[in-house]
Amino acid sequence: MAALYSALEAGRVGIFESPTGTGKSLSLICGALSWLRDFEEKKRQEEARLLALEDSGQERGERPAAAEPGHPGSGGAAGEPDWVTAFVQKKEERDAVDRLKRSEEDETKRLLQLSKDVISEGDGVDVLEQLDHNEEELVLAEYESDDEKKVISGLEDDDDLEEEHVTKIYYCSRTHSQLSQFVREVQKSPFGKDTRLVSLGSRQNLCVNEEVRRLGALQLINDRCMEMQKNKHEKKSDEKMEGKRRHASHAICPFYSYEQMQFLCDEVLVEVKDIEQLVALGRETKACPYYGSRYAIPAAQLVVLPYQMLLHEPTRSAAGIKLKDQVVIIDEAHNLIDTITCIHSAEVSGSQLCCAHSQLSQYMERYRKRLKAKNLMYIKQILYLLEQFVAMLGGNVNQNPGCQAVSQTGTVLKSINDFLFQSQIDNINLFKVRRYCEKSLISRKLFGFVERYGGPATTVKTNKENQKLAGFQNFLLTLKQGSDKEGNPPVEAENDQLRTASPLMQIEGFLSALTNANQDGRVIVNRQGTVGQSSLKFLLLNPAVYFAKVVEECRAVIIAGGTMQPVSDFREQLLSCAGVDPARVVEFSCGHVIPPENILPIILCSGPSNQQLEFTYQTRDLPQMMDETGRILCNLCNVVPGGVVCFFPSYEYEKQVYAHWEKTGLLTRLATKKKIFQEPKKANQVEQVLVEYAKCIKRCSQAGGQMTGALLLSVVGGKMSEGINFSDDLGRCVIMVGMPYPNIKSPELQEKMTWLDKTMPRAAGQAPSRVLIENLCMKAVNQSIGRAIRHQKDFASILLLDHRYARPAIFNKLPQWIRERTQVKPAFGSAFAELRKVRMCILCTATKTVSHYTHLYFFQTFALE
Ligand code: SF4
């Protein structure tokens, strides 16, 4: 807390590490809010001093009687007279009300502008009359670029409309459940009663209109909500237009009411509420919590939000988040670099490109006479881009992508400029096209059009790779919807049809990515099988460009997590590349709260038959290596009670070793001591496997007998290495088989390595690419082994099977609290003796007769004998 306080006070960028179970959240809350409280107090005092100064220069006769020295009512919190405090407060309240009203008017104007239908003259009149009333909403509104608007109206951006935000802390974490947990901690903390906190979330989490909520899929909810808002604003203007009928589908949301949302906003600021409580309040007050909570941002002291919402600039500004001079705390930040890279990378398949081309051509044909020249020009440009992209994949947009075989298969990486030249689109201003897509909401209109007329052209299947990426791409879809941006964590797509029907949304993401600076990214042209299966992917190499704005604007930024080691990636790739002065960066790492004897980390260099443990790609498949691993596991399962979790570097290797053990009979031997579970490949089976695993351990501990628990064969970076706790009996021993280095043959990784070697200096004689590979490996190891100790009274042993862990460069990348207790054991015998001691200790603590430490000492002696 003290370190955090001084980092915020000094305006630093901090990398903070505090292992799970050490009270990280509470320390962040108390440290940050203490700082904010003191900061506000100092500011109040300063304001009061200035007011008093100003006042003393004016005529004293104007001062109210209550403020006369010696009057009983004088003397506020900071020693200033009550009337000054009351005046300041009243003025702030009045200003806040004015600001909120202005914001509502602004929103109305903006939506009116966006939804303005073109009432055509001349040529288009006949067609207009033929269109179904509902269909009018599918036609693009007249489009003017921002430059043109400025010329026409003579207006520049109106700075007067900027809302004033009080100094606040933006706290971000990865998932909604982590955020809810944080809010509950705030409620319990000493700051719970008097902190103005607001939780932000997606419509999927916050919408209270049951009809809309029932749609289920995020994208459908977003679309329906936006449509209803548009109707609301149209209603206002329609009322002035005589003779215009409103159709039944032009419903408006009863919860989107300024007065009700303002009431909800006030309530939110009075008492700390998590998302569930916010939704309940919305239902009760008949106000939309999604928009109501955004109204509360300017006055809030603590804003809690998912971190995608903060890291993606368009999402940030759409939500009304202003970072200037504010404090940002990013929790669970161990994957921050990957997250920024993912949010700003984009992939489109040949199928999607062809499908979008087909949809957009049909759209243009149907509404050609209704569309203004500007719209037609941009649609033609987008169609041309799609044609050229498909040509880059070796195909033709007018033929079925599933039937066009690709002649030259393979993966090629190109710089952005090369890609633009080779695809002959370098004459098109992609910034303008991107802006057009955002402002005109063309993909939304096209989606509505496809929903209505969706035929065979919309059912082109996405390729296998895209299906794997569905979660992330679905998230991307939510980011590409003009002003309708969300900060949701990735969610599984619920409706394949939906995804395949909206390819243009995804393509917008790709077009936008192409506007990055040439040196900051690459385009991967991946030609496989057919044009439909091939893809174009934008790979962001320099995530710092997107983080730079956050660190530049904020007063202080804290990147926090349970396991932040190795931190050099954050320092070099993120902060240094973002132009942060190294003197502004502070690092803080605290140890664990467990007693030293509760953890036994061992680096094991060889197995029971003296086979050296080195799991390189060349040696790990050797039968003797797999046999030796099996022998180690057998020995451990004999002495370790409860659950043993064994991590393998990949699914393939785990499968291979399992098959080998099955053949040699080792699995049968293991099964006499532990019931064996394997990590499932499907995410929806994880829960079930874990429940069974936990049940088995409990059953064994209660029943006694030969079977002492369960063994879980898991995969590093798989579904069980993050977010799942192996606390207490669920993980008394965690084993890491080999070193999970990433696949350096992957073209993407190779490009990143080349880029790093070109742009970054060598660190301690090591090439930056080498450092990256080691860091990726050790981050994965640390995340996996960190699952075992989850609270103060927990205990476990950790076995790292590979002599290479003892190399200083690797060893130093273990978290400090593990590193300082790690023993390197060249032979299995001495390691096994240590593990037996822990076992004795466990048996002894179970009886709870004497202190843990005394018994440890006693049984150490006993074991040695
Ligand atoms: S305005 Fe709010 S309550 Fe109404 S549909 Fe939109 S998100 Fe739901």
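See the structure shown above.
These remarks concern the structure in this document. Predicted model only: the values in this text are computed from it and were never measured.

So, about helix α26 (residues 568–576). Within α26, burial applies to D569, F570, Q573, L574 and L575. All buried residues of α26 lie within an arc of 160° about the axis, which places them on one face of the element.

Right, let's get into the packing of helix α16 (residues 350–367) against helix α24 (residues 503–513). In the contact formed by α16 and α24, the axes pass within 9 Å of each other and the chain directions differ by 115°. For the crossing formed where α16 meets α24, the hand is left-handed. Between α16 and α24, the contacting residues are Q352, L353, C355, A356 and Q359 on the first element and P503, L504, Q506 and I507 on the second. Counted by class, the contact of α16 with α24 contains six nonpolar, three polar and no charged residues.

What follows covers the nonpolar core. Within the largest apolar cluster, 67 residues are counted, with the highest numbers of intra-cluster contacts made by I330, L336, F547 and L575. Broken down by element, the residue count for this core peaks at six residues, all from helix α10 (residues 258–270). Sequence-distant contacts of L336, that is, excluding residues within four places in its chain, are made with L311, I330, F547, I559, F570 and L574. By size, the runner-up hydrophobic cluster in this structure holds 51 residues, among which are A346, M364, I416 and L430.

Turning our eyes to something else, we now look at the pairing of strand β5 (residues 327–330). Burial of the side chains of β5 extends over both faces: V327 and I329 are buried on one face and V328 and I330 on the other. Sheet topology note: the strand β2 (residues 169–173)/β5 ladder contains four bridges and is parallel. Among the inter-strand pairings, Y171 is bridged to a residue of β5, identified as I329. Sheet topology places β5 next to strand β10 (residues 556–561); four bridges connect them, and they run parallel. Across the sheet, V328 pairs through a bridge with V557, a residue of β10.

Next up on the list: helix α31 (residues 747–759). Helix length check: α31 (13 residues) gives 18 Å between terminal C-alpha atoms against 18 Å at 1.5 Å per residue, within 8%. For α31, the complete set of buried residues consists of L749, E751, K752, M753, W755 and L756. Those residues of α31 hidden inside the fold are in contact with β7 (410–415), β8 (521–527), α26 and α32 (768–785).

What the seven strands build is an open sheet, ordered β3-β4-β2-β5-β10-β1-β11; its pairing is parallel. Where the open sheet ends on each side, the last strands, each with one partner, are β3 (197–199) and β11 (585–589). Strand-to-strand twist across the sheet, computed as the mean angle between neighbouring axes with direction ignored, equals 15°. Note that β3 and strand β4 (residues 302–306) share three bridges and pair parallel. Residue pairing in the sheet places V198 in a bridge with V303 of β4. Together, β2, β4, β5 and β10 form the strand contacts of helix α2 (residues 24–56), whose direction differs from that of β2 by roughly 165°.

Before going further, it helps to examine the environment of N812. Along the polypeptide, N812 turns up in the loop between α33 (808–811) and α34 (816–819). N812 gets classed as partly exposed once you look at its relative accessible area, which sits at 45%. Distance from N812 to Q565, taken between C-alpha atoms, is 9.0 Å for residues 247 residues apart in sequence. Setting aside residues no more than four positions away along its own chain, N812 makes contact with Q565 and R819.

Most of strand β12 (residues 599–604) sits out of view: six of its six residues are buried. Of the two faces of β12, the one holding I599, P601 and I603 and the one holding L600, I602 and L604 are both buried throughout. Alignment of β12 against strand β17 (residues 796–801), held across six bridges, turns out to be parallel. Within the sheet, the bridge partner assigned to I603 lies in β17 and is L800. Of the pairings in the sheet, the one linking β12 to strand β18 (residues 823–825) comprises three bridges and is parallel in character. By the bridge assignment, L604 is partnered in β18 with K825.

Our next topic: the site of the ligand. Every residue close to the ligand is listed here: R203, C207, V208, N209, V212, C225, M228, C253, F255, Y256, C288 and Y291. Here the residues of the shell around the ligand are counted per class, giving 10 nonpolar, one polar and one charged.

Summed over the entire model, instances satisfying the criterion amount to 21 salt bridges. Here E210 makes a salt bridge to R283, at a shortest N to O gap of 3.2 Å. Separated by 73 residues along the polypeptide, E210 in helix α8 (residues 210–213) and R283 in helix α11 (residues 275–285) bring together distant segments of the chain. E210 gets classed as partly exposed once you look at its relative accessible area, which sits at 39%.

Enumeration according to the criterion identifies 18 aromatic pairs in this entry. Note on F16 and F588: the rings are 5.2 Å apart at their centroids and 35° apart in plane angle, and the pair reads as tilted. Of this pair, F16 sits in strand β1 (residues 13–17) while F588 sits in strand β11; the two residues are 572 residues apart in sequence, bridging distant segments of the chain. An aromatic cluster of at least three residues, connected via ring pairs, comprises Y256, Y290 and Y291. In this structure, R732 packs its charged tip against the face of F795, placed 3.9 Å from the ring centre.

What counts, and where the lines are drawn
Residues numbered from 1 in each chain as written. Predicted model: local features only at pLDDT ≥ 70, side-chain atom pairs only at ≥ 80, totals over all residues. Heavy atoms only, no water. Buried < 20%, exposed > 50% of the residue type's maximum accessible area, 1.4 Å probe, protein only. Helix = DSSP H or I, 4+ residues; strand = E, 2+ residues; numbered from the N terminus. Arc of directions from axis to C-beta. Axes fitted to C-alpha atoms, helices over the stretch in contact; angles between N-to-C directions. Left-handed = near helix turned anticlockwise from the far one by under 90°. Contact = heavy atoms within 4.5 Å. Nonpolar A, V, L, I, M, F, W, Y, C, P; charged D, E, K, R; others polar. Core = buried A, V, L, I, M, F, W, Y, C linked by side-chain atoms within 4.5 Å. Pairing = 2+ DSSP bridges. Expected span 1.5 Å × (residues − 1). Near = heavy atom within 4 Å. Salt bridge = Lys/Arg side-chain N within 4 Å of Asp/Glu carboxyl O. Phe/Tyr/Trp six-rings, centres within 6.5 Å; stacked < 30°, edge-to-face > 60°. Lys NZ or Arg CZ within 6 Å of the ring centre and 35° of its normal.

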